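Tertiary structure, described
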Amino acid sequence: MPKIRELKPDQLYRNCDHDTLGFDTTVDINQEVNTVGQERVSDAIEFGMQISHPGYNIFVLGPSGMGKRKIVRDFFEDKAKSDPTPTDWIYVHNFDHPDQPHAIELPPGMGTQYQQDIENLIGEMQTALSAAFESEEYQNRRQAIFETFKDKQAELFNELQDKANQEGLTMIKTPSGIAFAPRDEDGVLSPEEVNNLSKEERDKIKNTIEGLQENLQKILQQVPLWQREAKQQIKDLNKEIANFAIGGLINELIEKYQEYDKVTEHIRQIQEQIVENADDFLPNDSQEAANFLEALSQQRDRGSTRMDRFKVNVVIDNSDCEGAPVIFENNPTYGNLIGRFDHYAHMGTLMTDFRMIKPGALHRANGGYLIIDAIKILRQPYAWEGLKRALQSNEVEIESIGQALSLISTVSLKPEPIPLSLKIALVGDRLLYYLLVQYDPEFSELFKVEADFETEIEWNEAHQDLYAKLIATIIRREEAKPFNRAAVARLIEEGARQASDSERLNTRLQDLNELIIEADYWAAQHKRKIVTDEDVQRAIDEKIRRADRLRDKVQDSILRDINVISTEGEKIGQINGLSVFSLGSFMFGKPTRITAQISLGKGQVIDIEREVDMGGPIHSKGVLILAGFLRGRYAQNIPLSLSASLVFEQSYGGVDGDSASSTELYALLSAIAEVPVKQNLAVTGAINQHGDVQAIGGVNQKIEGFFEICNKRGLTGDQGVLIPQSNVKHLMLRRDVIDAVMAGEFHIYPVEHIDQGIEILTGIKAGEKQDDGTYPEETINRMVKDRLEVMAKRLAQFAKDEDDKK
Amino acid sequence: MSDVTKPICVKRILIPLDNSRHSFAALQAAVELARHYDAEIEGLFVEDINLLKLAEMPFHQEVGEYTAIIRELSTDGLSRGIIVQSRWVVQSFRKMINQTELKSDFVVLRGEVSETIRKESQKYDLIILGKSGTNILGRDKLGSTTKKMIGNHRIPLMLVEENNQLGYPMILLYENSPVGNISLETARDLLDPDETLIILLNKDNPEAFTETKKQLKKWALAHQVNISIESYKSHTFRRFIQLIDGLKTGLFILPHNADPTHQTITQLCLDMISLPVLLIRFNNR
């Protein structure tokens, strides 16, 4: 077995070689770099943008803080510049079905132009119609029609009157009709005078009156027909005048938009509406309203309000757009995405019309690119379904949710759908992507391109160079002061520390961004014009300080011996393990006492944590593995006749992970062999059934966690930590730890096998198996095996005695 | 044209109303004149006793004006119809008068219409009537009530037709007589100083015409009134009067002389002129 060599200071930290950075300050770096090591993502987005088939939308996945949105946006904006500018879309009134407004497509910029032209047309039409209908010609012709009607009526009445007069009768207007009564020179006869007439005379009068009444009836029955005729004549006249008044204006506009059939059709419909209903558009000298409601009603019916129907609602105006639009919808509610139509209150009722249609992000991004946060759209009711529906049908159709669910009952619209052609990038974390793939069958059809962000990249010279350029780009973007070479080097080293790997760099841009901004702040506090490595270190330290309240508490409790951790002496069946706490973005290590007790038994290793449901499955697995190791190594010829229990002392939360499995094994071996373990050492590492020590996570924090306790108690010179050999490459330790190692006050031992570890922990050789299957004298393995044999015999004897008793 | 001649003095105006459009045009004119004279307006609605008698006739039937249905007339039904009419008229009168600060009153009387108005008018200085009432024969004809009022009015009478408003030009058919001079002074009283009074003067007798014209000019100069004298001859008066038929606003002041030659001209004026006509009769009460 190779002898363990404790790690040297240069193995504990990878320094960024300043000489490999070819600049003095970041001002010297001109190249713009927005991503590092994201070639897979770049290729995926490029592919997604170029491929024009439906369904090739992009899902950009990766942890938060990677700068996913910015990167995809940069890609889109770059591509959008060379894309054609999409068309404008307008909504206009549908005169046949007012609840189904028409959508019209126009070249970019023409939507607003047409809107303005229609506004002008309305203004001019109002003037022209007023002038035409107030003209003497119109008034006289209109009057003539009325006069003709009245004359016709009067003529017949006069005839009837004359006839009545000849018969000695007169026509009398009653409040609701017309009556005939006998008269003489002095006027209408009184009832008495009539009654004094002879019966013959009265009958004659009666017959005459009946005849006259019949005639009158015929005349009166004619009146509505004449009225209708007169009204029709007036209508024809109105049409003629209106046509003359607005014809020129309309033709001018039709000529201007002759290339666009739907527009000319709309203009013609306006003309038709005005000509057909000319009198509705006349200036209305309506009588004074008797009450508020009447006034409101009149307001609505005025000509100018009626003209509103002819207006144009420009939902998409690309007049100022160069290239294709790139839209990021930060609040992807159903309405903000698909579009909506608002309502206005009118006399206590909610009304809407085509002018109230408001575009959604899909409209605005049509012909271009749309970026949405996946989690945000999924959180909004119906938004996800709405988006999928639009993508599947390749058109965007505005529908009110309230209407669809019958939540509200009011006037609604069904605007004509607009064809949809755009590229969507959903940005979200990996879990969301895999959940959507798993549970939404339509998702994979609509988002076929997966752009998966790397969270770390290899720390090689090329990447280091790019990383420096990325740092310089962020500094420029954030308008921070220039960083000197040492500061950039420190940022790169911190990148490795964040990746928890001396051979990798963290690509989470948010971390880098924050560090740059904070270092810039500390430089400013020190009135430095250039940010130095001291400022970067200050930023790191301060960031930790802001988050380490709980770490202080935990350490305080250990130093006050409330949470008991020994850092000196030796003890059987007791060892220092190391665990890691993760609080938000801050991780710290904490030593934990692990103890083992054994007794005669049936080969069970009891994990007390699991027994009380405080141990996670991985931890339980680790314990079962160590039991496997025990059986494999020591119980080939004899039964494993012990019962062991393992516990994390003073652990009041859950425990998970297998990083303590080697530690637990050491405690168990110590207990079995009755050999004390050095308490000045702490151990971390997972094991397999062969006793090989395997890598664990959070190695830096774990080492630092034990170091801090020892350091605060005063370093004795023999304290240290056992870590798996395979974790050495992950070491990016703090300066104070490295300094202590350098001074020989603290030691870090890389362990490959359990036998190496037990030697360091007990100071006794582990002992290699000899050809006869035994272990040499005075070795740990021999002691363990001997003890197990004794226990097996005792158990066998105990069983025999029991049988004999029976 | 003596200096002692005074214009008509109007303190109280009677405005008999029915539910015809003419009568509301008359009310509008009454409001304007009341403002000028600072006079009080009294509205009058007469419940026609003749109508009520109709129901007592042996053949009490009417033909619905719009429905053309023949139905029985009853006293109750007629009464109710008249009451509805009168209520509507009162409301309309109040609505218009309330927009002014004029003093006003309204009375509803029952009786024979012309006679009731005539009697009631004795308490007033001016009576303003719609040119025709609610008769179905329609337009431009003098209503029976109006005709009767023209025949026997003692106080100044103004006739107003629908669609024609009181305003300018002011035209006076002058004759050199006491009533002519009262009319002349009344015109002066009503005339805005910036406006011109158009005086129509008969030229059947050229010498008399020249003399009267001279006097009128003198009068105008003395009173600083802008006048414009237009001559006419009796046999061409119809043609002459047609010229002013197209006017929609204005005022025609007509001295109402019992002289038969004037009767024809008066009748022509009343028949042909659509402008509000102010008939002034020499009042020696």
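The preceding data block contains the structure.
Residues numbered from 1 in each chain as written. Chains lettered and ligands numbered in written order. Predicted model: local features only at pLDDT ≥ 70, side-chain atom pairs only at ≥ 80, totals over all residues. Heavy atoms only, no water.

1. Here we look at the overall build of chain A
Scanning chain A from terminus to terminus reveals 28 helices and 30 strands. By residue count, 50% of the 806 residues in chain A fall in the buried class. Put simply, 77% of the contacts in chain A that link residues at least 6 apart link residues at least 24 apart. Element-wise, carbon and sulfur atoms account for 47% of the exposed surface of chain A, whose accessible area totals about 38800 Å². (Helix = DSSP H or I, 4+ residues; strand = E, 2+ residues; numbered from the N terminus. Buried < 20%, exposed > 50% of the residue type's maximum accessible area, 1.4 Å probe, protein only. Contact = heavy atoms within 4.5 Å. Areas by Shrake-Rupley, 256 points an atom, 1.4 Å probe, with all protein chains shown as cover.)

2. Let's talk about helix α3 (residues 75–98) of chain B
Residues and elements named next belong to chain B. Compared with the 34 Å implied by 1.5 Å per residue over 24 residues, the 34 Å span of α3 between its first and last C-alpha is a close match. When we look at burial in α3, the residues that qualify are Leu78, Ser79, Gly81, Ile82, Gln85, Ser86, Val89, Ser92, Phe93 and Ile97. Considering only its buried residues, α3 is in contact with β1 (12–16), α1 (21–37), β2 (40–48), α2 (49–54) and β5 (104–111). (Expected span 1.5 Å × (residues − 1).)

3. Points about the interface of chain B and chain A
Listed by partner, the interface residues are 27 residues for chain B and 34 residues for chain A. There are zero salt bridges connecting chain B and chain A. Scanning the region where chain B abuts chain A turns up six residue pairs in polar contact (both at pLDDT 80 or more). Put simply, the parts of the chain that give the side of chain B that touches chain A at least two residues each are α2, β3 (61–64), β4 (70–72) and α3 of chain B. (Salt bridge = Lys/Arg side-chain N within 4 Å of Asp/Glu carboxyl O. Polar contact = N/O pair within 3.5 Å; in protein donor to acceptor, adjacent residues only side chain to side chain.)

4. Things to note about the sheet that holds strand β10 (residues 226–232) of chain B
Hydrogen bonding along the main chain pairs the strands of a sheet, whether they run parallel or antiparallel. Residue and element names in this part refer to chain B. Reading across the sheet, the 10 strands line up as β5-β2-β1-β6-β7-β12-β11-β8-β9-β10 and stay open at both edges, with mixed pairing between neighbours. Looking at the sheet topology across the chains shown, the edges are occupied by β5 and β10. Neighbour to neighbour, the strand axes of the sheet diverge by 25 degrees on average, direction disregarded. With two bridges joining them, β1 and strand β6 (residues 126–130) adopt parallel strand pairing. Paired with leucine 14 across the two strands is isoleucine 127, which belongs to β6. Sheet strands touched by α3: β1, β2 and β5. Its angle to β2, the strand with the most contacts, is close to 170 degrees. (Pairing = 2+ DSSP bridges. Axes fitted to C-alpha atoms, helices over the stretch in contact; angles between N-to-C directions.)

5. Details of a nonpolar patch on the surface
All names here are of chain A. On the surface, a nonpolar cluster with roughly 320 Å² of combined accessible area is contributed by Tyr382, Leu405 and Leu407. Mapped onto the elements, leucine 405 comes out in the loop between α14 (401–404) and β15 (418–419). You can call leucine 405 partly exposed: its relative accessible area is 39%. (Patch = residues over 30% accessible without salt bridge, like charges linked within 9 Å, V, L, I, M, F, W, Y side chains within 5 Å.)

6. Some points on the side chain of Asn563(A)
Residues and elements named next belong to chain A. Relative to the elements of secondary structure, asparagine 563 occurs in the loop between α21 (549–559) and β20 (570–572). The class of asparagine 563 is buried, set by a relative accessible area of 12%. Excluding anything up to four places from it in sequence, asparagine 563 contacts Ser557, Ile558, Lys590 and Gln650.

7. A closer look at the environment of Pro381(A)
Residues and elements named next belong to chain A. In this structure, proline 381 sits in the loop between α12 (374–379) and α13 (383–393). Look at proline 381 and you get exposed, because its relative accessible area is 52%. Sequence separation between proline 381 and isoleucine 401 is 20 residues; the distance between their C-alpha atoms is 9.5 Å. Non-local contacts of proline 381, meaning those with residues more than four positions away in its chain, are made with Tyr334 and Ile401.

8. As for the side chain of Gln269(A)
Position of Gln269(A) among the secondary structure elements: in helix α7 (residues 261–276). Leave out the neighbours within four places in its chain, and Gln269(A) touches Phe95(A) and Asp96(A).

9. Digging into the pairing of strand β8 (residues 326–329) of chain A
Residues and elements named next belong to chain A. Of the two faces of β8, the one holding Val326 and Phe328 and the one holding Ile327 and Glu329 are both buried throughout. In the sheet, β8 pairs with strand β13 (residues 369–373) via four bridges, with the strands oriented parallel. Note on β13: the bridge partner recorded for phenylalanine 328 is isoleucine 371.

10. Description of the sheet that holds strand β30 (residues 746–751) of chain A
Residues and elements named next belong to chain A. The seven strands are arranged β23-β24-β22-β21-β26-β29-β30 in an open sheet whose pairing can be described as mixed. Two strands close off the open sheet at either side, each with one partner strand: β23 (604–607) and β30. Strand-to-strand twist across the sheet, computed as the mean angle between neighbouring axes with direction ignored, equals 30 degrees. Here strand β21 (residues 574–583) runs beside strand β22 (residues 586–600); their pairing, made up of 10 bridges, is antiparallel. When the bridges of β22 are listed, isoleucine 575 appears paired with isoleucine 594. Strands in contact with helix α23 (residues 617–634) are β23 and β24 (642–648); relative to β23, the strand with the most contacts, it is inclined by about 160 degrees.

11. Observations regarding the packing of aromatic side chains
All names here are of chain A. Using the criterion set out here, one finds 21 aromatic pairs over all chains in the structure. When the centroid spacing of 5.8 Å and the interplanar angle of 85 degrees are considered together, the rings of phenylalanine 47 and tyrosine 56 count as edge-to-face. A relative accessible area of 43% places phenylalanine 47 in the partly exposed class. A ring pair is formed by phenylalanine 581 and phenylalanine 588, whose centres lie 5.4 Å apart and whose planes are at 10 degrees; its orientation type is stacked. Using a relative accessible area of 2% as the deciding quantity, one classes phenylalanine 588 as buried. Taken together, the aromatic side chains of Phe59, Trp384, Tyr433, Tyr434, Phe443 and Phe447 make up a single cluster linked through ring pairs. Between the NZ or CZ atom of arginine 14 and the centre of the ring of tryptophan 459, over which it lies, the distance is 4.0 Å. The lysine or arginine in question, arginine 538, covers the ring of tryptophan 522, its NZ or CZ lying 4.0 Å from the ring centre. (Phe/Tyr/Trp six-rings, centres within 6.5 Å; stacked < 30°, edge-to-face > 60°. Lys NZ or Arg CZ within 6 Å of the ring centre and 35° of its normal.)

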